[in-house]
Amino acid sequence: MGIEKMELVTLVGKMDELDRCLDKCCESGCFHIEPAFSSVGTANGLTMLNEKNGYTAQLKAFERLAAELGIELKETDHSDYAPHTPQEFAQRAQHISESFEETNTRKKDALQKISEMNGAITQITHLKGMNSDFKEIFSCKYVASRIGRLPTDNLEKLDYYDENFFFVPFETQDLFCWGMYFCPAEEKAIVDDLFRSMYFERITLPDFVEGDSDEAVRKLTQSISEQQAIADSCQKEIDTISEQAREEILKAYSKLVYLHGIFELHKKVGFLSGKFYIKGFVPKRDKQRFSDLMKDFESLTVTFMPPDTDANCTPPTILKNSIFTRPFRMLVEMYGLPNYGGFNPTAFVAVTYSILFGIMFGDLGQGFLVVLLGFIVGKKLNKDAGGIMIRCGLASMIFGTLYGSVFGYEDLLDPMYEQLGIDFLPLKAFHETSFILLTAVGIGIVLIAFSMLINIYVGFKEKDYEKAIFGCNGIAGLIFYGSVIAGLVSTIMFDVKIMSAPFVICLIVIPLLCIFCRVPFSLAVKYKKLRLSADEEEKVTIGGFIVENFFEMFEFMLSYISNTMSFLRVGGFVLSHAGMMLVVMTLMDMVSSTAQPFVLVIGNAFVMAMEGMIVAIQIIRLEFYEIFSRFSESDGVPFEPVTVDFTAQAE
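So, how was this worked out
Residues numbered from 1 in each chain as written. Predicted model: local features only at pLDDT ≥ 70, side-chain atom pairs only at ≥ 80, totals over all residues. Heavy atoms only, no water. Helix = DSSP H or I, 4+ residues; strand = E, 2+ residues; numbered from the N terminus. Rg over C-alpha atoms; globule rule 2.2 N^0.38 Å. Buried < 20%, exposed > 50% of the residue type's maximum accessible area, 1.4 Å probe, protein only. Contact = heavy atoms within 4.5 Å. Areas by Shrake-Rupley, 256 points an atom, 1.4 Å probe, with all protein chains shown as cover. Patch = residues over 30% accessible without salt bridge, like charges linked within 9 Å, V, L, I, M, F, W, Y side chains within 5 Å. Salt bridge = Lys/Arg side-chain N within 4 Å of Asp/Glu carboxyl O. Lys, Arg positive; Asp, Glu negative; His and termini not counted. Charge placed at Lys NZ, Arg CZ, Asp CG, Glu CD. Polar contact = N/O pair within 3.5 Å; in protein donor to acceptor, adjacent residues only side chain to side chain. Axes fitted to C-alpha atoms, helices over the stretch in contact; angles between N-to-C directions. Left-handed = near helix turned anticlockwise from the far one by under 90°. Nonpolar A, V, L, I, M, F, W, Y, C, P; charged D, E, K, R; others polar. Pairing = 2+ DSSP bridges. Phe/Tyr/Trp six-rings, centres within 6.5 Å; stacked < 30°, edge-to-face > 60°.

Q: Sorry, what's going on with the overall build of the protein chain here?
A: A tally of helices and strands in the protein chain yields 22 helices and 14 strands. Taking 651 residues into account, the globule formula puts the C-alpha radius of gyration at 26 Å, and the protein chain, at 40 Å, lies well above it. Projected onto its principal axes, the C-alpha positions of the protein chain cover 120 × 85 × 65 Å. By residue count, 44% of the 651 residues in the protein chain fall in the buried class. For the protein chain, contacts bridging at least 24 residues in sequence account for 80% of all contacts bridging at least 6. As displayed, the protein chain has an accessible area near 35,400 Å², and 60% of this comes from carbon and sulfur atoms.

Q: I would appreciate a short explanation of a positive patch on the surface in the present structure.
A: A surface patch of like charges, here positive, comprises K5, K284, K287, K320 and K461. Within the secondary structure layout, K5 lies in the loop between β1 (2-3) and β2 (6-14). Assessed through its relative accessible area of 52%, K5 is described here as exposed.

Q: Help me understand the pattern of salt bridges, please; the structure alone is not making it clear to me.
A: Between side chains of opposite charge, pairing is possible as soon as their charged atoms come close. Under the counting rule described, the total for this entry stands at 19 salt bridges. A salt bridge links R149 to E201; the nearest nitrogen and oxygen atoms lie 2.9 Å apart. Within this pair, whereas R149 is found in strand β5 (residues 143-151), its partner E201 is found in strand β8 (residues 201-202), the two being separated by 52 residues in sequence.

Q: Would you mind showing me how to read unusual backbone geometry here?
A: Leave glycine aside and you will find that most residues have negative phi; peptide bonds, for their part, are mostly trans. Phi at Y199 takes a positive value of approximately 65°, unusual for a residue other than glycine. Secondary-structure assignment places Y199 in the loop between α5 (188-197) and β8. Since its relative accessible area comes to 61%, Y199 is described here as exposed. Notably, S273 is not glycine yet its phi reads approximately 55°, a positive angle. Assignment of secondary structure puts S273 in the loop between β9 (270-272) and β10 (275-283).

Q: Would you mind going over the environment of E626 with me for this structure?
A: Mapped onto the elements of the fold, E626 is located in helix α21 (residues 596-631). If near-sequence neighbours (up to four positions away) are discounted, E626 is found in contact with I448, N563, S566, F567 and R621. At 3.0 Å, the side chain of E626 and the side chain of N563 are in polar contact.

Q: Would you explain the packing of helix α15 (residues 475-492) against helix α16 (residues 501-516) in this entry?
A: How two helices sit against one another is set out by the angle between their axes and by the gap between those axes. Between α15 and α16, the shortest axis-to-axis distance is 8 Å and the interhelical angle comes to 140°. In this structure, the crossing between α15 and α16 has a hand that is left-handed. Mapping the contact onto sequence places A476, G477, I479, F480, S483 and V484 in α15 and F503, L507, I508, P511, L512, C514 and I515 in α16. Broken down by class, the residue content of the contact of α15 with α16 amounts to 11 nonpolar, 2 polar and no charged.

Q: Just checking my understanding: could you explain the side chain of E623 for this structure?
A: For E623, the location among the structural elements is in helix α21. Comment: no salt bridge for buried E623; closest opposite-charge side chain is R621, at 11 Å. Those residues in contact with E623 that lie beyond four places of it in its chain are V349, T352, Y353, L356 and F628.

Q: Mind showing me how you'd approach the pairing of strand β7 (residues 176-184) here?
A: Looking down a regular strand, the side chains alternate between one sheet face and the other. Burial analysis of β7 places 9 of its 9 residues in the buried class, which makes it a mostly covered element. Across 9 bridges, the pairing between β5 and β7 is antiparallel. Across the sheet, residue S145 finds its bridge partner in β7, namely F182. As paired strands, strand β6 (residues 166-172) and β7 are joined by 6 bridges and run antiparallel to one another. Pairing of T172 across the sheet is with C177, part of β7. Hairpin connection of β6 to β7: 3 residues between the antiparallel strands.

Q: I would appreciate a short explanation of the sheet that holds β5 in the present structure.
A: Where strands meet in a sheet, backbone hydrogen bonds hold them as pairs that are either parallel or antiparallel. Spatial strand order, β6-β7-β5-β8: 4 strands in an open sheet with antiparallel pairing. Strand pairing shows two members of the sheet lacking a second neighbour, β6 and β8, which therefore form its edges. Contacting β5, β6 and β7, α5 runs over the sheet at an angle of about 160° to β7.

Q: Even after reading the chapter, I still don't get a nonpolar patch on the surface, so can you show me in this structure?
A: The grouping of L438, L488, V489, I492, M493, F494 and V496 at the surface amounts to a nonpolar patch, some 720 Å² of accessible area in total. Counting residues per element, the nonpolar patch draws most heavily on α15, which supplies 3 residues. With respect to the helices and strands, V489 occurs in helix α15.

Q: What am I meant to see in the packing of aromatic side chains here?
A: Applying the stated criterion across every chain, the model contains 25 aromatic pairs. Here the aromatic rings of F62 and F89 are separated by 6.5 Å at their centres, their planes lie at 90°, and the arrangement is edge-to-face. Separated by 27 residues along the polypeptide, F62 in helix α2 (residues 56-68) and F89 in helix α3 (residues 86-124) bring together distant segments of the chain. As far as burial versus exposure is concerned, F62 and F89 are alike and both buried. Measuring from centroid to centroid gives 5.2 Å for F165 and F195, while their planes differ by 80°, and the two rings are edge-to-face. Note that F165 is positioned in the loop between β5 and β6 and F195 in helix α5, a separation of 30 residues in sequence. Across the pair, exposure class does not vary: F165 and F195 are buried alike.

Taken by themselves, the reported measurements are silent on function.
Right, dumping it as structure tokens:
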């Protein structure tokens, strides 16, 4: 376990082999690409290949073809598909399009006519009772007419106007009245303006509407049937063409997606003196396999270097984990990946999370159900989430056995312990309240101290002496925290007074002084003497230094207390779980014997759902705020092997 070792790789070759080289990088599945140059310019000849992707237009063209032919796009083997350049793909797309364009145009025209006629029928339906021919009405030379709808509230207001018009209503509903108004042709502008002010919505009937309302609807319905037959016939022809072109479209689209993705990688490729430059990282374990993939190139030079060779590139982080710890990487990634040279906390999280969950949710029966549910979640939804549930469920079963709790029955395992002669088990929560709470605080002290040790290790590894020695989570902080805890425990619990003057001065005051002066002390250790620039010397004042560090010291002191007391929730949830199951058992005693199984099942399900979720969230809080915050620096770069994702491109 730890962090996977990386190798910095540079690939240099002739431009005509660029796409094939990028193709091999994708095929390897282990190449994390980086921009070839951190800065470019014409003076030094460095350029980045930021050309426009020539495959974009063709990709959209085949997407459109697939949509028009009703073909569902999916990844297809395209190794035997010949076209390669954008021009070749454009010719194939045009050829396929021409084969059905005329039929598709006829289908669209038929559907357009159907849509227009359906709209006309909808409007004419409101004009039922009009027995005059529409064409005759609209062809009047001296009379203007308009069809439309008027808000019902404005219908009575028409009587107040003296203009020369009359309105014929055909259908009146709650909100609108459909009808027609007539007026002299020379006054239509005035009347139209009047009706607009009354919120009249004019309906324009198509030219193909003939006869009265009933005859028009009949003729339109017949025309719709004829046009639908044309559309159906065209669709059958298109389906035949679709079946013939389906395989080629899928192959062409799949190949275009891949070529488009490869071309997008050009943006990270450098160009200098007629050669391409590619830079990235490869896991050390895959170094030989990656090198073997690149052997077929005539002009390609592959160079492996230490990962810190290029200061402009940050090595990516891959967490190495065992089978037991692997699912808990999702929690580490949720907080943030450690940097390449940092510490992999997954194993620490796996152990502490499982133990804390078992303590807070200890029940043999419920833990078994959590394990079963974990298997289902892992198979159907999320493998890592299911793995965490299985491990937490096993821990819950172990501590449930220690508590003697099986689906809330606290006495079920008592005979077993009597047979074994173990008199201090099972541990009854309500009988050992003080012990449980003190043990929870003790667990917190151990975990905080262990987190400080990890921070010290990481600090020395990174040569950060302020972090490792003088910080609040360094050696000084560990000595201070341990000494205060030891003094309080010995005095309160064992009545042994060890807080003598030498003890306080050496193990409390001096560590506090180191924390207070951590910045100058760490600089002195690193450079043998304090080095400040001229600007820093002007900014630093004794008064400002004292005030700033005093308040930081006060914050550190409060964090020691609050972080330690925060672990009381561990014991609190032990008591909470026992209390909730006691409520379930009390409810069972209050109902009839036939209803007791239902109460038991529903009660256990409720406790598992509610408390299980709360406990899981509370442990995450403890991990992130009380443990991770002491040593973790979540500025790592995730390892992302270069690839072409068909699904993402298709979307």
